[in-house]
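# Secondary and tertiary structure notes
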Amino acid sequence: MAADLRRGVTRLGRRLRAEGPPGALSANKMSVLSHLRRDGPSTPGQIAAAERQQPQSLTRVFTELEREGLVSRSRSDRDGRESVLSLELAGLSALTRDMARRDAWLAGALEGLTAAEVGLLDVAAGLLDRLAATPWPG
């Protein structure tokens, strides 16, 4: 069952990436912008931990997002050596535009399912989100 679930989620993820608009945000950029939209201003370390990545692997992404005006960086009130990234209006707009096309494709695909199947996927969406947040048990 775990392998079937992984396969289905992987295929759906690929399809959603393919349905992105021309010049779509990279997966890492979408991930950072989504984190900031969902959780508010965060340190690079907090974002990396939430996305299960090393902070160093996202350094270029943070810099590009800042250069593009999608996020802003400020010093932490708590620790002046630490920076905090915040989502700018342009970042929210870019994320919304990027997700709209993917959401439209998915909404259209859902129309081919029965009401019971859509209800099941509604429940599964919450469960998948919980699974994604589960720490490795080992």
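Residues numbered from 1 in each chain as written. Predicted model: local features only at pLDDT ≥ 70, side-chain atom pairs only at ≥ 80, totals over all residues. Heavy atoms only, no water.

Turning our attention to helix α6 (residues 115-133). With 19 residues, α6 extends 28 Å from end C-alpha to end C-alpha; this agrees with the ideal 27 Å at 1.5 Å per step. The element α6 is largely exposed, with a buried count of zero among its 19 residues. (Helix = DSSP H or I, 4+ residues; strand = E, 2+ residues; numbered from the N terminus. Expected span 1.5 Å × (residues − 1). Buried < 20%, exposed > 50% of the residue type's maximum accessible area, 1.4 Å probe, protein only.)

This part covers the packing of helix α1 (residues 2-18) against helix α5 (residues 89-110). Interaxial distance between α1 and α5 falls to 8 Å at its minimum, and their mutual angle equals 125°. By the angle between their directions, the pair α1 and α5 is classed as oblique. For the element pair α1 and α5, the recorded crossing hand is right-handed. The segment α1 lies against α5, with L12, R15, L16 and R17 engaging R102, W105 and L106. Broken down by class, the residue content of the contact of α1 with α5 amounts to four nonpolar, no polar and three charged. (Axes fitted to C-alpha atoms, helices over the stretch in contact; angles between N-to-C directions. Parallel < 35°, antiparallel > 145°, perpendicular 65-115°, else oblique. Left-handed = near helix turned anticlockwise from the far one by under 90°. Contact = heavy atoms within 4.5 Å. Nonpolar A, V, L, I, M, F, W, Y, C, P; charged D, E, K, R; others polar.)

Positioned with a positive phi, R52 is a non-glycine residue whose angle comes to about 55°. Relative to the elements of secondary structure, R52 occurs in the loop between α3 (44-50) and α4 (55-67).

Here we come to the pattern of salt bridges. Across all of its chains, the model carries 10 salt bridges by this definition. E64 is the partner of K29 in a salt bridge, and the nearest nitrogen-oxygen pair spans 3.3 Å. Of this pair, K29 sits in helix α2 (residues 27-39) while E64 sits in helix α4, and the two are 35 residues apart along the sequence. The salt bridge partner of E51 is R38, with a shortest N-O separation of 3.6 Å. A residue pair is termed long-range when its members are at least 10 positions apart, and E51 in the loop between α3 and α4 and R38 in helix α2 qualify at 13 residues. Overall, the relative accessible area of 22% leaves E51 in the partly exposed class. Among the charged side chains, a network of salt bridges with common partners joins K29, R60, E64 and E68. (Salt bridge = Lys/Arg side-chain N within 4 Å of Asp/Glu carboxyl O.)

Everything listed is a geometric property; what it means functionally is a separate question.
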